[in-house]
Amino acid sequence: PEDTVTGSFASFIHAARPEHLSQTVRQRSKRMILDSIGVGLVGSTTRVFDIALSYCRLYSSVAVSSVYGKPGVKLSPTLAAFTNGVATHSMDFDDTWHPATHPSGAVLPALLAASQMLPPSTKPSGLDFLLAFNVGLEVQGRLMHFSTEAHNIPKRFHPPSVVGTLGSAAAAAKLLSLSSAECCHALGIAASLAGAPMANAATQAKPLHVGNATRLGLEAALLAARGMEANPLILDDIPGCSGFSAFYSVYQPKPLPAPGGHHEFLLEKQDIAFKRFPAHLGMHWVVDAALSVRNLFVNYAGSFSPSLIRAIMLKIPVSKYINRPFPSSEHQARHSFQFNACAALLDGEVGLGSFSESSIHRQELRELLHKVVVEHPEDNVANFDKMYGEVALLLHSGDVLTGKCDTFYGHWRKPLSKESLLKKFRSNASHVLPEEKIEAIITLVDNLETLSDSSQL
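About the criteria used
Residues numbered from 1 in each chain as written. Predicted model: local features only at pLDDT ≥ 70, side-chain atom pairs only at ≥ 80, totals over all residues. Heavy atoms only, no water. Phe/Tyr/Trp six-rings, centres within 6.5 Å; stacked < 30°, edge-to-face > 60°. Helix = DSSP H or I, 4+ residues; strand = E, 2+ residues; numbered from the N terminus. Buried < 20%, exposed > 50% of the residue type's maximum accessible area, 1.4 Å probe, protein only. Polar contact = N/O pair within 3.5 Å; in protein donor to acceptor, adjacent residues only side chain to side chain. Contact = heavy atoms within 4.5 Å. Domains from an automatic or database assignment. Buried area = accessible area lost by both parts, 1.4 Å probe. Salt bridge = Lys/Arg side-chain N within 4 Å of Asp/Glu carboxyl O. Nonpolar A, V, L, I, M, F, W, Y, C, P; charged D, E, K, R; others polar. Axes fitted to C-alpha atoms, helices over the stretch in contact; angles between N-to-C directions. Parallel < 35°, antiparallel > 145°, perpendicular 65-115°, else oblique. Left-handed = near helix turned anticlockwise from the far one by under 90°. Core = buried A, V, L, I, M, F, W, Y, C linked by side-chain atoms within 4.5 Å. Pairing = 2+ DSSP bridges.

## Focus on the packing of aromatic side chains
So, step 1. Enumeration over the complete set of coordinates arrives at 13 aromatic pairs.
So, step 2. Here Phe146 and Tyr251 contribute two aromatic rings whose centre-to-centre distance is 5.9 Å and whose plane-to-plane angle is 80°, an arrangement assigned as edge-to-face. With Phe146 in the loop between helix 6 (126-144) and helix 7 (163-175) and Tyr251 in the loop between helix 9 (206-225) and helix 10 (266-269), this residue pair connects regions lying 105 residues apart in the sequence. Judged on exposure class, the residue Phe146 and its partner Tyr251 are both buried.
So, step 3. Ring geometry for Phe157 against Tyr248: centres 5.3 Å apart, planes inclined by 75°, an arrangement best described as edge-to-face.

So, in structure tokens, the structure goes:
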């Protein structure tokens, strides 16, 4: 089995050790953990989270795992993972990688829940936790690189519901110290639990994709630990019998090198994108472009005066589910190039309050939306590593003002500073936690390698 792609992945999961993580990988992954916890905490204030939690509280017979933002509330490990995964993606505020997926939300809630599930004598250390987290990231990233289709903004299925489920299974298998054979079966079981269509983007169902990924990956590992078996070639490309290739039209898997030696974690090569405001990643290009042209307009006219604007030209890539001219809900607004550009122009910023019902239905915002014209230049491809956003204001005077962004602040090419990341975390966590607990989490994550019991998180 070690000679197969699936076998190589299983061997990697089983053989990975803390010393295989470089300082860069440790530091970047700790930033991801901190950001994801903050996003989950503020996400616990949303309506979709309340729905998920009320459902999960129907099944609370083994309530040992904590829930974001709800002191004293505990659920069974898999349902806590599900609920916290929903919280993490409830505002589309979680991190994004390339090829496109949301890696942390699919892995971290499963590890948090599992660490509380294990008996005191087998509690994983902070270093064990950090290693399992990175194993989950690595499996997701490697699977995404097996298909050229995965490099572009998705059209058919939501990536975290697929690669995230297997990443969660890999991370949980590592934390639970599964054998190589059990790791192999965990991946196979997870593949049968994966998938969600893109048609549910911009609805309350989309956060379920991440909730299910982290929950079902944990369930796959728990089932494998209890002896359930699956196809040991699930990641291999077997002609006439689709395994993981069922999700991709072009699928060219390669064995995963053993940890150590010449192996380099993907997180070493490429950082993550952290969002400054809660919306689909594509929105961050048009918002930065809109803020740039807004500054030009204020210098031109002395203030932002919508009546001087004849038309607003957006040059964006073709991506149907985020091209929404007149969004009517918060989830649609988070997936609308037009809305985010106009909100940035009108308010000079985009933040949590931008997606409230009162903000979405403002008359002055609706008037701006009616002025938007969209173009799709051939050189603007639907790819988070290559796309750009351009916003041009065509004025009644005949003048044209233009703002363009090809790398927003927070992108992996332009990472958030430590100060910006901490500011975001403190702001998010402050919605549900007092200051002393917020600072305690920051300290715990910063010193994760020295933590004797990761369940303290």
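## Here we look at the side chain of Lys30
So, step 1. In this fold, Lys30 is placed in helix 2 (residues 23-43).
So, step 2. By relative accessible area, which is 6% here, Lys30 ends up buried.
So, step 3. Polar contacts involving the side chain of Lys30 include one to the main-chain carbonyl oxygen of Asp446, which spans 2.9 Å.
So, step 4. In contact with Lys30, other than residues within four places in its own chain, are Leu130, Val445, Asp446, Leu448 and Glu449.

## Points about helix 13 (residues 337-347)
So, step 1. Burial analysis of helix 13 places 10 of its 11 residues in the buried class, which makes it a mostly covered element.
So, step 2. Buried within helix 13 are the following residues: Phe337, Gln338, Phe339, Asn340, Ala341, Cys342, Ala343, Ala344, Leu345 and Leu346.
So, step 3. Immediately beyond the C-terminal end of helix 13, within one or two residues, lies Gly348, with a positive phi of roughly 75°.

## Remarks on the environment of Gly282
So, step 1. Topologically, Gly282 is positioned in the loop between helix 10 and helix 11 (283-301).
So, step 2. Taking the relative accessible area as the measure of exposure, Gly282 reaches 0% and is therefore buried.
So, step 3. Spatially, the C-alpha atom of Gly282 lies 8.0 Å from that of Ile322, the residues being 40 residues apart in sequence.
So, step 4. Aside from chain neighbours lying at most four places away, what touches Gly282 is Phe337, Phe384 and Met387.

## Focus: the domain arrangement of the protein
So, step 1. By the assigned domains, the protein splits into domain 1 (5-276 + 415-456) and domain 2 (281-405).
So, step 2. The distance between the C-alpha centroids of domain 1 and domain 2 comes to 33 Å.
So, step 3. With 23 residues of domain 1 at the interface, the matching set in domain 2 holds 18 residues.
So, step 4. Of the roughly 1,800 Å² buried between domain 1 and domain 2, counting both surfaces, carbon and sulfur atoms make up 63%.
So, step 5. Here Asp288 makes a salt bridge to Arg276, at a shortest N to O gap of 2.6 Å.
So, step 6. Per-class residue counts for the side of domain 1 that touches domain 2 are 11 nonpolar, eight polar and four charged.

## Observations concerning the packing of helix 7 against helix 8 (residues 180-191)
So, step 1. Running from N to C, helix 7 and helix 8 cross one another at 155°; their axes reach a closest spacing of 9 Å. Comparing their axes, helix 8 and helix 7 come out roughly antiparallel. Our pair here, helix 7 against helix 8, has a crossing hand that is right-handed. Counting all contacts with helix 7, which are made through Thr165, Leu166, Ala169, Ala170 and Ala173, the residues of helix 8 involved are Cys183, Ala186, Leu187, Ala190 and Ala191.
So, step 2. Among the residues forming the contact of helix 7 with helix 8, the class breakdown is nine nonpolar, one polar and no charged.

## Some remarks on the nonpolar core
So, step 1. Of all hydrophobic cores here, the largest spans 98 residues; its most connected members are Phe9, Ile33, Ile37, Leu143, Leu235, Phe244 and Tyr248.
So, step 2. Sorting elements by how many residues they give to this core places helix 6 first, with 10 residues.
So, step 3. Dropping the residues within four chain positions of it, Tyr248 is found in contact with Met144, Ser147, Glu149, Ala150, Arg156, Phe157 and Val163.
So, step 4. Core analysis: the second largest hydrophobic core is formed by 49 residues, Ala201, Phe277, Phe339 and Leu365 among them.

## A few points about the pairing of strand 5 (residues 389-395)
Within a regular beta strand, the side chains point alternately toward one face of the sheet and then the other, so they alternate between its two faces.
So, step 1. For strand 5, a buried count of seven out of seven residues is recorded, marking the element as mostly surrounded by other parts of the structure.
So, step 2. When strand 3 (residues 309-315) meets strand 5, the two strands line up antiparallel, connected through six bridges. Directly across from Lys315, in strand 5, lies its bridge partner Glu390.
So, step 3. Bridging between strand 5 and strand 6 (residues 400-405) involves six bridges; their strand directions are antiparallel. If you follow Ala392 over to strand 6, its bridge partner there is Thr402.
So, step 4. Hairpin connection, strand 5 to strand 6: the antiparallel pair is bridged by four residues, and Gly398 has positive phi, about 100°.

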